[in-house]
Amino acid sequence: MKHDVQVQTLRQLLELREHGRYEMAQEATEVSVSRYVDPAVYEREMSTVFRQFPQLAGHASHVRDPGSFMVSDWKNFPFVVVRGQDGVLRGFLNQCRHRGARLVSEDTKRTHLKAFVCPFHGWVYGLDGTLRSVTREYMFPKLDRCKRGLVELPVMERDGLVWIHPKPGAALELEDYLGPIGDDLAHFDLGGLVSFRKNAVVRKANWKLLIKTYLEGYHVPFLHRDTIAEVFKDGVIHPMTYGKHIRLSAARTNIRDVLQVAEEDWKILEYASVYYSLFPQAFFILHPDYVSINMFHPLGPEETLWTHEMLYRPEDFPGEKGQGGLQKRFDYTNDVVFDREDFLVAEDVQRGIRFGANDFHTIGTEEALISRFQANVDRVTGDEEPQPIRS
């Protein structure tokens, strides 16, 4: 986020704080709970939302050296991204062209590859995807190796993040796709960070319900009353949207302290947390000294693979003491705030849908980003968008 944008956003947060409210919509809306349980809705999302748009693959620190690679956590999109010996980053479907076996497992002990070797029948592919050798090749007298290379996917590295498109041959135009959001991420220098730890957990809730817990601050004084509520006491939120992406700046309790600092020295992360919903499945949370990357991969209408990776700057956490402090931050953010508060209640909401108390969820004027996110999904799937509350 450029400095002038940081200043503008902090001023807007200060103004909202003075007014004591931050309504983002003129009226409340309703979202049908069928969005979270209907198998047909889920199938439409899989064939549109998760096929037509670039997706975040992960942080570039995992693929900086020749032979280094990253593997998809999500069984519904089995990709592998690898840095070739020529330094080029490439993405492929993680499937052998013989009988479709997975080439590289997410739990592999190797950190670098010299080639892709199929564990099923031993076919070997170069890191550029070419089919190099076939065991007992005499069994395949008409096989054209040139036509049996790995299926390549569009992949691009930008500002420390790796993006991949699920459709072979699709255009991957991040400048247009990210717009000013991309400028923000570039300014925060995510490329200078490294990974501390990553967790992957299956949650019993729809992927949209999980993301929506991040898109409003209404719940913070109640759900997080014993954890982060004090950090955001009397907090306000300022949103910015670009395309289907959302930036959410949440004022911290110390927001007024910025007025004691010269404007040229204002740094937004000292007075606010900044959140990014990167459509469709990624959610960033930027803190003063670390970044949380959350990704949500649907496994079914009521089940989601959630991954959380913490990134940090090594010089900020030196030695054993520094790493211990970082571990405490991860445990607190991941295990307490996310796992036991945000997503535990989302699972409770998911279970409750089956009992029929609500045909719709009511979305208040301060929760309007939830309706916006749902509308973004609905426009892609062709479903009905959130509706105003009926009198």
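My aim in this report is to walk through the structure given alongside it, one point at a time. Because the structure is a prediction, the values reported are computed rather than measured.

What about the nonpolar core?
- Counting residues in hydrophobic clusters, the biggest one holds 94 residues, and the most contacted among them are V162, Y276, F284 and F296.
- No other element matches the six residues that helix α1 (residues 3-19) contributes to this core.
- Contacts of Y276, omitting those with residues within four sequence positions, involve M1, I181, D184, L185, F188, I246, R247, A282, F283, F284 and L286.
- A101, F116, W123 and L150 belong to the second-largest nonpolar core, a separate cluster that totals 19 residues.

A few points about the sheet that holds strand β8 (residues 131-133)
- Here three strands make up an open sheet; going across it, the order is β6-β7-β8 and the pairing antiparallel. With partners counted over all chains shown, the strands left at the sheet margins are β6 (116-117) and β8, one partner each.
- Bridging between strand β7 (residues 124-125) and β8 involves two bridges; their strand directions are antiparallel. Directly across from Y125, in β8, lies its bridge partner L131.

What about the pattern of salt bridges?
- Considering all chains together, one arrives at 21 salt bridges under this definition.
- Taking the shortest distance from any N to any O, the salt bridge between D339 and R203 comes out at 2.2 Å. In this pair, D339 sits in helix α7 (residues 319-353) while R203 sits in strand β12 (residues 194-203), placing the two residues 136 residues apart along the sequence.
- One salt-bridge network, held together by shared partners, links R158, D159, E175 and D183.

So, the packing of aromatic side chains
- Enumeration according to the criterion identifies 22 aromatic pairs in this entry.
- Measuring from centroid to centroid gives 5.4 Å for W123 and F140, while their planes differ by 90 degrees, and the two rings are edge-to-face. Of this pair, W123 sits in the loop between β6 and β7 while F140 sits in the loop between β8 and β9 (152-153), placing them 17 residues apart in sequence.
- In this structure W123 comes out as buried when scored by relative accessible area, which is 1%.
- Relative accessible area serves as the criterion here: at 25%, F140 is assigned to the partly exposed category.
- For the pair F296 and F343, a centre-to-centre distance of 5.9 Å together with 90 degrees between the ring planes defines the contact as edge-to-face. Taken together, the residues F296 in strand β17 (residues 291-300) and F343 in helix α7 connect sequence positions 47 residues apart.
- Judged by relative accessible area, which is 0%, F343 ranks as buried.
- In textbook terms, an aromatic cluster arises when at least three aromatic residues are bridged by ring pairs, as seen for F50, F53, W74, Y177, W207, F279 and F373.

Quick look at the sheet that holds strand β5 (residues 89-93)
- In space, the four strands of this open sheet follow the order β3-β4-β5-β9, with antiparallel pairing throughout. Each end of this open sheet is capped by a strand with a single partner; those strands are β3 (69-71) and β9.
- Here two bridges tie β5 to β9, and the two strands are oriented antiparallel to one another. Residue pairing across strands places F92 opposite E152, the latter belonging to β9.

Here's the deal with the pairing of strand β16 (residues 282-286)
- Most of β16 sits out of view: five of its five residues are buried.
- Where burial is concerned, the two faces of β16 agree: the one with A282, F284 and L286 and the one with F283 and I285 are both buried.
- Relative to β16, strand β15 (residues 272-278) runs antiparallel, the two sharing five bridges. Bridge pairing in β16 places V274 opposite L286.
- Here β15 folds back onto β16, and the loop between the two strands holds three residues.
- The sheet contact formed by β16 and β17 spans five bridges and is antiparallel. Bridge pairing in β17 places F284 opposite I293.

About the thresholds
- Residues numbered from 1 in each chain as written.
- Predicted model: local features only at pLDDT ≥ 70, side-chain atom pairs only at ≥ 80, totals over all residues.
- Heavy atoms only, no water.
- Core = buried A, V, L, I, M, F, W, Y, C linked by side-chain atoms within 4.5 Å.
- Buried < 20%, exposed > 50% of the residue type's maximum accessible area, 1.4 Å probe, protein only.
- Helix = DSSP H or I, 4+ residues; strand = E, 2+ residues; numbered from the N terminus.
- Contact = heavy atoms within 4.5 Å.
- Pairing = 2+ DSSP bridges.
- Salt bridge = Lys/Arg side-chain N within 4 Å of Asp/Glu carboxyl O.
- Phe/Tyr/Trp six-rings, centres within 6.5 Å; stacked < 30°, edge-to-face > 60°.

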